[in-house]
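# Breakdown of the fold
Okay, here's what each chain looks like letter by letter:
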Amino acid sequence: MSIVVTGATGNLGRLVVAGLLEKVPASEIAAVVRDEGKAAGLAEQGVELRIADYDRPESLKAAFHAGDKVLLISGSEVGKRTVQHQAVIDAAKEAGVTLLAYTGVLGGPKADLKLAEEHKYTEQAILDSGLPYVFLRNGWYSDVYTENLARPLATGTIVGSAGEGRIASAPRADYAAAAVAVLTGTGHENKAYELCGDVAWSLPEYAAEVSRQSGKTVTYSDVPAEQLIDIYKGAGLPAELAEILADADVALSRGVLASESDDLRRLIGRPSTPIADSIAAALAGLEK
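The sections below set out a description of the structure shown in this document.

Now for the overall build of the chain. Scanning the chain for helices and strands turns up 13 helices and 11 strands. Computed over C-alpha atoms, the radius of gyration of the chain comes to 19 Å, within 12% of the 19 Å expected from 2.2 N^0.38 for 288 residues, which places it in the range of a compact globule. Counting contacts in the chain only where the partners sit at least 6 residues apart, residues at least 24 apart contribute 76% of the total. Taken as a whole, the chain presents about 12,900 Å² of accessible surface, with 51% of it coming from carbon and sulfur.

Not every positive phi belongs to a glycine, and asparagine 190 is a case in point at roughly 60 degrees. Among the structural elements, asparagine 190 can be located in the loop between helix H8 (172–184) and strand S9 (191–195).

Another aspect to go through is the sheet that holds strand S2 (residues 29–33). One open sheet holds the seven strands; their spatial order is S3-S2-S1-S4-S5-S6-S9, and the pairing between them is parallel. At either margin of the open sheet sits one strand with a lone partner, and together these are strand S3 (48–51) and S9. Across the sheet, the axes of successive neighbouring strands diverge by a mean angle of 20 degrees, strand direction being ignored. In this fold helix H1 (residues 11–21) packs onto strand S1 (3–6), S2, strand S4 (69–72), strand S5 (99–105) and strand S6 (133–138), with an angle of close to 160 degrees to the strand it touches most, S1.

This paragraph deals with the pairing of S6. Most of S6 is tucked away, with six of its six residues classed as buried. Residues Tyr133, Phe135 and Arg137 line one face of S6 and the alternating positions Val134, Leu136 and Asn138 line the opposite face, and both faces are buried. Taken together, the six bridges between S5 and S6 define a ladder with parallel strand orientation. Directly across from tyrosine 102, in S6, lies its bridge partner phenylalanine 135.

Further remarks concern the nonpolar core. One finds Val5, Val16, Leu20, Leu71, Leu136 and Leu195 to be the most contacted residues of the largest nonpolar core, which totals 34 residues. Going through the elements one at a time, S1, H1, S2, S5, S6, H8, S9 and helix H12 (263–268) are the ones with two or more residues in this core. Looking at which element gives the most residues to this core, the answer is H8, with seven residues. By size, the runner-up hydrophobic cluster in this structure holds 32 residues, among which are Ala111, Cys196, Ala200 and Ile279.

Residues Ile3 and Val5 line one face of S1 and the alternating positions Val4 and Thr6 line the opposite face, and both faces are buried. In this structure, S1 lies alongside S2, joined through four bridges in parallel fashion. Within the sheet, the bridge partner assigned to valine 4 lies in S2 and is alanine 30. With respect to chirality, the unit in which S1 leads through H1 into the neighbouring parallel S2 is right-handed. Strand direction decides the pairing type here: S1 and S4, joined by three bridges, are parallel.

Our next topic: the environment of proline 25. Here proline 25 is to be found in the loop between H1 and S2. Given the relative accessible area of 44%, proline 25 is considered partly exposed. Along the chain, proline 25 and arginine 137 lie 112 residues apart, while their C-alpha atoms are 27 Å from each other.

A word on the pattern of salt bridges. Counted according to the given criterion, the structure contains 19 salt bridges. Glutamate 118 serves as the salt-bridge partner of arginine 81, at 2.9 Å between the closest nitrogen and oxygen. In this pair, arginine 81 sits in helix H4 (residues 81–95) while glutamate 118 sits in helix H5 (residues 117–129), placing the two residues 37 residues apart along the sequence. The pair formed by arginine 81 and glutamate 118 is uniform in burial state, with each residue classed as buried. For glutamate 117, the salt bridge identified is with lysine 120, shortest N-O distance 3.4 Å. Here glutamate 117 pairs with lysine 120, and both are found in helix H5, just three residues apart, close to one helical turn. On the basis of relative accessibility, which here comes to 24%, the residue lysine 120 falls in the partly exposed class. In this structure, a network of salt bridges that share partners links the residues Glu48, Arg50 and Asp68.

Rules used throughout
- Residues numbered from 1 in each chain as written.
- Predicted model: local features only at pLDDT ≥ 70, side-chain atom pairs only at ≥ 80, totals over all residues.
- Heavy atoms only, no water.
- Helix = DSSP H or I, 4+ residues; strand = E, 2+ residues; numbered from the N terminus.
- Rg over C-alpha atoms; globule rule 2.2 N^0.38 Å.
- Contact = heavy atoms within 4.5 Å.
- Areas by Shrake-Rupley, 256 points an atom, 1.4 Å probe, with all protein chains shown as cover.
- Pairing = 2+ DSSP bridges.
- Axes fitted to C-alpha atoms, helices over the stretch in contact; angles between N-to-C directions.
- Buried < 20%, exposed > 50% of the residue type's maximum accessible area, 1.4 Å probe, protein only.
- Core = buried A, V, L, I, M, F, W, Y, C linked by side-chain atoms within 4.5 Å.
- Right-handed = clockwise from strand over helix to strand, strands pointing away.
- Salt bridge = Lys/Arg side-chain N within 4 Å of Asp/Glu carboxyl O.

Written as structure tokens, this is what we have:
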């Protein structure tokens, strides 16, 4: 039996594998990757590589073995994920895995935003498969904002359509730690965890904290969703993705991602990382 992580070279996947290596021998971990070259570092640490692609169902047949615990990290290609995820679920069921954990979205079937539709489909497909499951319903990643601090620091403005909506975010590292806890623990079968940060914040508050820490004036500018879509398209995003991201911002204004669940804190055994700490880390990285 192995603990298998799909998308293991992605931003979240690498953090999950790193966390697993602190808990279990490398020989018990398998990484499903598309590009063996990108996973060379994992192989050097003793992690088994299983080469497969969400878009090639036939390649997934060898990705999972009977008795494996599998973490299906949702694909990054919005619009293609229902087919991709179904292929993984089918292969996992055929192989006879003992657990299929999935990184979905906060709120699960109740999540009221377009970005959640593929996650809703995937959760239902996993339920229909009959496999033992864990739904890791991840809230917003703090990194979505802090990884892009250079632009607002240069322009002095953060643009969005979230209004005063509050965001209970946490960094990817916290969500990865929750996945590791589930994959290495017991008693999680057939449960859904609503994962989010302990303290919610708004984009105006975020801008104020960036200003405080950086010493530069950064303000939040709230614009209509249609204008935000044009901004995203002007930055090179496809129209469909621009509309989905703008819709997510509007959903933030409704408090869709402001849950008060303490599931994340309980799984990782500590408070979630505050947004101020994530900002400080990002600013330190820009100074290097």
